[in-house]
Amino acid sequence: MTRVTLGKLLLDTARGAQAQRTIPTEQMRELGQGIMQRAQPEIDKIREGQRKAIEEGRASILRKRRGL
Amino acid sequence: MKPRLQLFAFEDTPALIQKVSEILSELTEVPWQVDSQQHVTLYECCEHAFRLGARSIVIQRRVFDPDFLAEFNAYYSRLFAHSSRDCARLHFFKQKPVALSDPLRFLDTEALPVGYCGFITLRPVGRTPVAATFLVPGEGGGNIRCLDEFPVHLGGIKLRVVGTPFMQQDNAVGACAQASIWMALRTMRKREGDRAFDPAQISGEATRFSTVTRILPNREGLTDGQMLHAVRGTGYSPHLIWLSTAPSDEDKKREELRLAKHKISIYLDSEIPVLLALYSTSGHAVVAIGYTFTNTPTNAVTNVNDSRSITGVAVPIAYTTSWIQELIIHNDNSGPYLRLPDCTNPAKRGYALEQADIAIPLLPTDVFLTGEEAMQVGLGAWDEVLIDLTATLANHDKIAFAERFALRLLLLDRRHARSWGRDNAPATDLASEMRLADLPRRVWALEIHLKDEVGKHATEAARSMIGFILIDPTGDVHPNSVLVTYLNLPMVTDEQHGAMVVARPAKSFQIPPLGLLPPFRAIHGHAAPFGA
């Protein structure tokens, strides 16, 4: 069975006969998971970058004084 | 004793500077001649007031300025040498008085509130006299995204200044770092629970847990770590953004620069001031408060694009950051509302964005998803939209379709989301949901704009938005982070209706065509004050 995506849901709603409809919980969960599967690796990369910056000594920047 | 209120009119900057020199000499009991070399900041403040059209001053003497009083209590009162605690304020007006002898008559009958340009507080410290200063930004100097409205009471008259608070370091209680933090904090004061910290309190918070030298006098400034302590101690999240690894490779340098501007602009669009720690020959701190916006993204350095893989095809993603030319900063050692170029000009001295090591936005503590992370959630959702909208297209048409859009991310107050719905989608489910839906106090809003329309914001309050994705900033990483998605499909497809998907409770709505919509918070011009 095809996974529900945000785009499909938007298109189905725009084309549908009903002005408003309730989305089943399972579909909504699936939709959220699809988005997070795309976002999570990128968020992990950002967090890993922060960790690396500190571990690799860039934290020494934090000892620079700002006092001009 | 000199009168508490006195009027002065001037035709040019030299006349104004001469008067300011007299007042500073009077305050410090030492003769001073203000000039553009020795008093860069004061000179620039006066120039700024003149450029605003100010042609008269109401001089207010014997002012107990709360921020200077704190500096006085912390340091100057302990000096053996005499030190005054009185400040003077110079209130700038565009109107020229009929007669100089009666300031109350001028305030009652001649000075119009619209002609009030704000004030400079002079502290009795000869070399660094610019204390709490509130001047309006004026037009043509870029879009000031971080500002507020401040009431001013003068001789029984209530006036108002809409601008960004400015202060020069006093070089004893605080240096540039404290001054920049003060400016950022004072800008956010009303918006974030009325917390006001004076320079002495900021120094206290900064050095509470980490000191490498004496606290007073604090002429050496703060380390970045101490700045983070101060930001945390004053009630904000100590969120640090790394901007530069100081690469020697020019391409890498350009890449870091465009990413730096992109990351900073997310917070500026959220009307959150961003502290920038610069390093050239020595360390310096400034606060970014706005930007200049051009009609074409011509500069390669500012051409921020990304690419995403949509069903195996790399499609480009553009951001409205591409239209941002230069950041606008308050620089305590140079003046208010100054442009920060991307790169240093070898022929001139001065600061540039390429010197910025780190950025510290004043992120509220209840925002657990940073701008950089929220962007990834928004892009994940946008990918899912593009997949289906381009499902029937050939690969080159998928790319052409994705190229039609530019994205903008900002942290939005719930009340602004609600009022946007009321004003821009009347009598639709879009308006009802935006006004009634359960939303956290703030949401990250990923605005989807038509790229060809974005440049219009350079000259007018344009309409270019065709949809948005609202993201829960308290969600951290959670499958239900996307709260609302709306797309005005008739603007970009053959569909007859637009559509909206709401997560809580999970529903979808068919929305009639609405045309191009304005952004949640205007791009053109200055931001609206908090209360507006």
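In what follows, the accompanying structure is described.

Basis of the calculations
Residues numbered from 1 in each chain as written. Chains lettered and ligands numbered in written order. Predicted model: local features only at pLDDT ≥ 70, side-chain atom pairs only at ≥ 80, totals over all residues. Heavy atoms only, no water. Helix = DSSP H or I, 4+ residues; strand = E, 2+ residues; numbered from the N terminus. Contact = heavy atoms within 4.5 Å. Axes fitted to C-alpha atoms, helices over the stretch in contact; angles between N-to-C directions. Parallel < 35°, antiparallel > 145°, perpendicular 65-115°, else oblique. Nonpolar A, V, L, I, M, F, W, Y, C, P; charged D, E, K, R; others polar. Buried area = accessible area lost by both parts, 1.4 Å probe. Salt bridge = Lys/Arg side-chain N within 4 Å of Asp/Glu carboxyl O. Polar contact = N/O pair within 3.5 Å; in protein donor to acceptor, adjacent residues only side chain to side chain. Pairing = 2+ DSSP bridges.

### Here's the deal with the side chain of B:Ser270
Turning to step 1, where the next piece is worked out: Structurally, the position occupied by B:Ser270 is in the loop between α8 (250-269) and β12 (274-279).
Turning to step 2, where the next piece is worked out: Setting aside residues up to four positions removed in sequence, B:Ser270 forms contacts with B:Arg191, B:Leu410, B:Leu411 and B:Trp444.

### Things to note about the packing of α8(B) against helix α9 (residues 371-389) of chain B
Residue and element names in this part refer to chain B.
Turning to step 1, where the next piece is worked out: The N-to-C vectors of α8 and α9 enclose an angle of 95°; their axes lie 10 Å apart at closest approach. On the basis of their axis angle, the class for α8 and α9 is roughly perpendicular. Judged by residue contacts, His262, Lys263, Ile266 and Tyr267 of α8 engage Gly371, Glu372 and Met375 from α9.
Turning to step 2, where the next piece is worked out: Here the contact of α8 with α9 is composed, by residue class, of 3 nonpolar, 2 polar and 2 charged.

### Some thoughts on the interface of chain B and chain A
Interfaces are often sized by the accessible area lost when the parts come together.
Turning to step 1, where the next piece is worked out: Contact with chain B, which involves 69 residues of that partner, is made by 46 residues of chain A.
Turning to step 2, where the next piece is worked out: Of all residues in chain B, B:Trp242, B:Glu384 and B:Gln510 give up the largest surface area on contact with chain A, accounting jointly for 16% of the area buried on that side.
Turning to step 3, where the next piece is worked out: If you look at where chain B meets chain A, you find 5 salt bridges.
Turning to step 4, where the next piece is worked out: Counting across the chain B and chain A interface gives 18 residue pairs in polar contact (both at pLDDT 80 or more).
Turning to step 5, where the next piece is worked out: Ranked by residues supplied to the side of chain B that touches chain A, first place goes to α9(B) with 12 residues.
Turning to step 6, where the next piece is worked out: Here the side of chain B that touches chain A is built from residues that sort into 32 nonpolar, 23 polar and 14 charged.
Turning to step 7, where the next piece is worked out: Sheet topology note: the strand β2 (residues 65-66) of chain A/strand β9 (residues 222-223) of chain B ladder contains 2 bridges and is antiparallel. Bridge assignment links A:Arg65 to a residue of β9(B), and that residue is B:Thr223.

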